[in-house]
Amino acid sequence: AVFGGGVLAQFGTLAISDSDVSHNVANGNAGGVLNFRGNLSVSKSSVLSNEARGLVSAVGNTGGIENVGFGAQAVISDILISQNSAAAAGGGIGN
């Protein structure tokens, strides 16, 4: 995937609970989860070992969870974010 290697949510509402988002790769931004101009809720989950490489049309921001765009909102609680990597900025979370 170019954006959101594990999950890509655009303009909607997404709830992730009791889940594991791990070992995903984006050749652009957001190796794990990308929320673009939507409402994101993540709880009781893990976001581990995701990678944003920045190879195609993007700089490679945010290995774990990226929350971007006008009006984007994220509520994150009781989660483990670890060992995510990004070619540019935001290994774990980018907002």
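Here, the structure is the one placed above.
Quick notes on the rules
- Residues numbered from 1 in each chain as written.
- Predicted model: local features only at pLDDT ≥ 70, side-chain atom pairs only at ≥ 80, totals over all residues.
- Heavy atoms only, no water.
- Core = buried A, V, L, I, M, F, W, Y, C linked by side-chain atoms within 4.5 Å.
- Buried < 20%, exposed > 50% of the residue type's maximum accessible area, 1.4 Å probe, protein only.
- Contact = heavy atoms within 4.5 Å.
- Patch = residues over 30% accessible without salt bridge, like charges linked within 9 Å, V, L, I, M, F, W, Y side chains within 5 Å.
- Areas by Shrake-Rupley, 256 points an atom, 1.4 Å probe, with all protein chains shown as cover.
- Salt bridge = Lys/Arg side-chain N within 4 Å of Asp/Glu carboxyl O.
- Helix = DSSP H or I, 4+ residues; strand = E, 2+ residues; numbered from the N terminus.
- Pairing = 2+ DSSP bridges.

Caption draft 1: Geometry of the nonpolar core. Counting 7 residues, the largest nonpolar core consists of Ile16, Val21, Val33, Leu40, Val42, Val47 and Ile65. The residues contacting leucine 40, other than those within four sequence positions of it, are Leu14, Ile16, Val33, Asn35, Ile65, Gln73, Ala74 and Val75.

Caption draft 2: Up close: a nonpolar patch on the surface. Where nonpolar side chains cluster on the molecular surface, the patch consists of Val2, Phe3, Leu8, Leu55 and Val56 and spans about 400 Å² of accessible area. Its place among the elements puts leucine 55 in the loop between strand 8 (51-52) and strand 9 (65-68). Judged by relative accessible area, which is 60%, leucine 55 ranks as exposed.

Caption draft 3: Main features of the sheet that holds strand 8. Reading across the sheet, the 3 strands line up as 4-8-12 and stay open at both edges, with parallel pairing between neighbours. Lying at the two open borders of the sheet, with one neighbouring strand each, are strand 4 (25-26) and strand 12 (85-86). One ladder, built from 2 bridges, connects strand 4 with strand 8; its direction is parallel. Paired with alanine 26 across the bridge in strand 8 is alanine 52.

Caption draft 4: Highlighting the environment of leucine 8. If you trace the backbone, leucine 8 turns up in strand 1 (residues 7-10). When the C-alpha positions of leucine 8 and valine 33 are compared, they lie 6.0 Å apart, and in sequence the two are 25 residues distant. Excluding anything up to four places from it in sequence, leucine 8 contacts Phe3 and Leu34.

Caption draft 5: Quick look at the environment of alanine 30. Here alanine 30 shows up in the loop between strand 4 and strand 5 (33-36). Judged by relative accessible area, which is 0%, alanine 30 ranks as buried. Considering only alpha carbons, one finds alanine 30 and serine 43, 13 residues apart in sequence, at a separation of 18 Å. Not counting chain neighbours up to four residues away, the residues in contact with alanine 30 comprise Phe3, Gly4, Gly5, Ala52, Asn61, Thr62, Gly63 and Glu66.

None of the figures reported here should be taken as evidence of function without further support.
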